[in-house]
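One letter stands for each residue in the lines below.
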Amino acid sequence: MSGRQKALLGLVAVLLVALFVVAVGTGRDDRGDPAARHGLVERLGALGGERSAVDPAAVSADCAEQTGRLVFSGSCVLRVADPGGLRTLVLRSARPFTVVAPAPGDADLTIRDEVEPASDGTGAVAKVAVDQSTEVAVICPGLGGCTVTVATS
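### Concerning the overall build of the protein chain
In terms of helices and strands, the protein chain carries 2 helices and 10 strands. Beginning at the N terminus, the succession of helices and strands in the protein chain can be written as α-α-β-β-β-β-β-β-β-β-β-β. Within the span of the protein chain, comprising 153 residues, buried residues form 23% of the whole. Taking contacts inside the protein chain between residues at least 6 apart in sequence as the whole, the part at least 24 apart equals 68%. Working note: accessible area of the protein chain is about 10,400 Å², and carbon and sulfur atoms make up 56% of it.

The structure is reproduced here in structure tokens:
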């Protein structure tokens, strides 16, 4: 290796070290919020808009005690009427439950999600994307009964 190549290699190494020092030195001391939406992501989300929730009146089931309130033990199959576009079926319960639903669109895929109540006491929440009339199974673990609410948010 010639002297010129050695000097160039040394210069590149010094430049890389300097860039590393600047990058580490300009960082913030706080840990940040991974759930926060900032900058470009926020603007792109605003362009797409928020998906609206499925109307509880568009959901029927044999286990429905009243509109939007499901009471069952074991399992219950919900029938969601065609929402006319991509919507979110929001299910809430004080107890853990499992949701089994087909993926939206033409995907030949079944989604299974076991939801647990949040540590802050807000209960278990499942959000299912729905874009056509479909059936969604809700399963209550254990021997006890479950009460699940079809929510608007």
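### Quick look at the sheet that holds strand 1 (residues 59-61)
With respect to topology, 5 strands assemble into an open sheet ordered 1-4-9-6-7, the strand pairing being antiparallel. Both outer strands of the open sheet, strand 1 and strand 7 (110-115), are each paired with one neighbouring strand and no more. For this sheet, the mean angle separating the axes of adjacent strands, direction not counted, is 25°. Examined bridge by bridge, strand 4 (residues 75-80) and strand 9 (residues 134-139) share 6 bridges and lie antiparallel to one another. Along strand 9, the bridge assignment pairs serine 75 with isoleucine 139.

### Focus on the side chain of threonine 98
Note that threonine 98 resides in strand 6 (residues 97-102). Once you skip the residues sitting within four places of it in the chain, threonine 98 turns out to touch Arg112, Asp113, Glu114, Ala137, Val138 and Ile139.

### Looking at the nonpolar core
Judged by nonpolar contacts, the single largest core of 25 residues is most densely connected at Leu70, Phe72, Leu78, Leu89, Leu91 and Phe97. Of all the elements in the fold, those that place two or more residues in this core are strand 1, strand 3 (69-73), strand 4, strand 5 (87-93), strand 6, strand 8 (124-130), strand 9 and strand 10 (145-151). In terms of residue count, the dominant contributor to this core is strand 8 (4 residues). Beyond its immediate stretch of four places on either side in the chain, leucine 91 contacts Leu78, Phe97, Val99, Ala124, Val125, Ala126, Val138, Val148, Thr149 and Val150.

### As for a nonpolar patch on the surface
Taken together, the side chains of Leu8, Leu11, Val12, Leu15, Leu16 and Leu19 present a nonpolar region at the surface, about 600 Å² in accessible area. Examined against the element boundaries, leucine 16 turns out to sit in helix 1 (residues 3-25). Looking at leucine 16, the relative accessible area reads 54%, which means it is exposed.

### Considering the environment of leucine 78
Along the chain, the position of leucine 78 falls in strand 4. Residue classification places leucine 78 among the buried residues on the basis of a relative accessible area of 0%. If sequence neighbours within four positions are ignored, leucine 78 has contacts with Val59, Ser60, Ala61, Leu70, Leu89, Leu91, Thr134, Glu135, Val136 and Val138.

### A look at the confidence of the model for the protein chain
Per-residue pLDDT for the protein chain averages 84, and the proportion of residues at 70 or more is 83%. Predicted confidence for residues 40-46 stays below pLDDT 50, and this span has 2 contacts to residues more than four positions away or in other chains.

### Quick word on the pairing of strand 3
Only one face of strand 3 is buried, namely the one carrying Leu70 and Phe72, since none of Arg69, Val71 and Ser73 on the opposite face is buried. Pairing between strand 2 (residues 64-66) and strand 3: 2 bridges, direction antiparallel. Bridge pairing in strand 3 places glutamine 66 opposite arginine 69. Bridge count between strand 3 and strand 10: 5 bridges; the pairing is antiparallel. Bridge pairing in strand 10 links leucine 70 to valine 148.

Cut-off values and rules
- Residue positions are counted from 1 within each chain, in the order its sequence is given.
- Residue-level local features of this predicted model are given only where pLDDT is at least 70; pairs of side-chain atoms are given and counted only at 80 or more, and the full residue set underlies all totals for whole chains, interfaces and linings.
- Calculation of side-chain values draws on the structure's entire complement of heavy atoms; hydrogens and water are dropped beforehand.
- Runs of E in the DSSP output that reach at least two residues are strands. Runs of H or I that reach at least four are helices, and both are numbered from the N terminus.
- Relative accessibility under 20% of the residue-type maximum defines a buried residue, over 50% an exposed one, and the middle range a partly exposed one, all with a 1.4 Å probe and only protein chains included.
- For this analysis, residues touch if any pair of their heavy atoms sits within 4.5 Å.
- Surface exposure here means Shrake-Rupley accessible area, sampled with a 1.4 Å probe, where a residue is shielded only by the protein chains that are shown.
- One requirement defines pairing of two strands: DSSP has to find at least two bridges between them.
- Axes here mean lines fitted to C-alpha atoms, for a helix over just the part in contact, with angles spanning 0 to 180 degrees between N-to-C directions.
- In these notes, a set of buried Ala, Val, Leu, Ile, Met, Phe, Trp, Tyr and Cys residues joined through side-chain atoms within 4.5 Å is what counts as a nonpolar core.
- Each patch is built from residues lacking any salt bridge and having more than 30% relative accessible area; the joining distance is 9 Å for like charges and 5 Å for nonpolar side chains (Val, Leu, Ile, Met, Phe, Trp, Tyr).
- Salt bridges are identified by distance alone: a Lys or Arg side-chain nitrogen within 4 Å of an Asp or Glu carboxyl oxygen.
- Predictor confidence is given residue by residue as pLDDT, running from a minimum of 0 to a maximum of 100.

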